[in-house]
Amino acid sequence: MLAVKGLTMRKVDLCLSSEGTEVVLATSSDEKHPAESIIDGNPRTFWTTTGMFPQEFIICFHKHVRIEKLTIQSYFVRTLRIEKSTSKEPADFEPWIERDLRHTEGQLQNEEIVGRDDHATYLRFIIVSAFDHFASVHGVSAEGIVVSNLH
């Protein structure tokens, strides 16, 4: 562990609600499958889209973080775009990753993205298109460290 600016730097899953992370926006809502399921750490729970695309959700870390590896578990996502922001509000997003995911019949898509010293306070996930009328996101995890708290 490293100590910088009074913070103990340890690698954690930055996307867990237990770490203080929140889903601050989701473009579709289903009370049985809420957006908070994306960050609850349980792969059996999930957020589902409503059938029109694009669909998106925004994750807020409430901290300035450095992401080393991002993993998204989903079903039926065809094209995924991820944007990041280092602002104090969910604004000023810049393109980060755009990927076409493989269709995996009967099993979760497990997409890993290795960061390049990527810093963020917010991540916007945009499901541009899907292999079906609906898509689901079962989890997002981000391995990395907290760089600083927001002031």
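Residues numbered from 1 in each chain as written. Predicted model: local features only at pLDDT ≥ 70, side-chain atom pairs only at ≥ 80, totals over all residues. Heavy atoms only, no water.

The name an unreviewed UniProt entry gives the chain is Intraflagellar transport protein 25 homolog isoform X1, with Echinops telfairi as the organism.

Quick notes on the packing of aromatic side chains
For the record, the criterion: Only Phe, Tyr and Trp rings take part, Trp by its six-membered ring, and two of them pair if their centres are within 6.5 Å. Stacked means planes under 30 degrees apart, edge-to-face means over 60, and tilted covers everything else. Strands here mean DSSP runs of E at least two residues long; helices mean DSSP runs of H or I at least four residues long; both are numbered from the N terminus. Remark: exposure states derive from per-residue accessible area (1.4 Å probe, protein chains only) relative to the maximum for the residue type, with buried under 20%, exposed over 50%, and partly exposed in between.
Counted according to the given criterion, the structure contains three aromatic pairs. Pairing W47 with F57 gives two aromatic rings, centres 5.3 Å apart and planes at 70°, and the pair type is edge-to-face. One end of the pair, W47, is in strand β5 (residues 47-48); the other, F57, is in strand β6 (residues 55-75), with 10 residues separating them in the sequence. Across the pair, exposure class does not vary: W47 and F57 are buried alike. Between F57 and F125, the aromatic rings sit 4.7 Å apart at their centres with planes inclined by 10°, giving stacked as the arrangement. Here F57 is found in strand β6, whereas its partner F125 is found in strand β9 (residues 109-130), with 68 residues between them in sequence. Each member of the pair F57 and F125 is classed as buried. Grouping aromatic residues by their ring pairs yields a cluster made of W47, F57 and F125.

Structural notes on the side chain of E83
What counts here: Whenever two N or O atoms come within 3.5 Å, that pair is a polar contact, provided that in protein one can donate a hydrogen and the other can accept it, and provided that, for residues adjacent in sequence, both atoms are side-chain atoms. By definition in these notes, contact holds between two residues if any of their heavy atoms fall within 4.5 Å.
Within the element layout of this structure, E83 appears in strand β7 (residues 77-85). Among the polar contacts listed, one links the side chain of E83 to the side chain of R124, at a separation of 2.7 Å. Ignoring any residue separated from it by four or fewer positions in sequence, one finds E83 in contact with F93, E94, P95, W96, Y122, L123, R124 and I126.

Notes on the environment of R124
Position of R124 among the secondary structure elements: in strand β9. Beyond its immediate sequence surroundings of up to four residues, R124 is in contact with E56, F57, I58, R81, I82, E83 and F93. Here the side chain of R124 touches E56 through a polar contact of 3.3 Å, side chain to side chain.

What about the state of the cysteines?
As a reminder, the rule being used: In this description, the term disulfide denotes a pair of cysteine sulfurs within 2.5 Å.
On inspection of all chains with the given rule, the structure shows zero disulfides. Of all cysteine sulfurs in the structure, the one in C60 sits closest to C15, which takes part in no disulfide; the separation is 11 Å. Classification of C15 by relative accessible area gives buried; the value is 0%. Among the residues examined, C60 registers a relative accessible area of 1% and is labelled buried.

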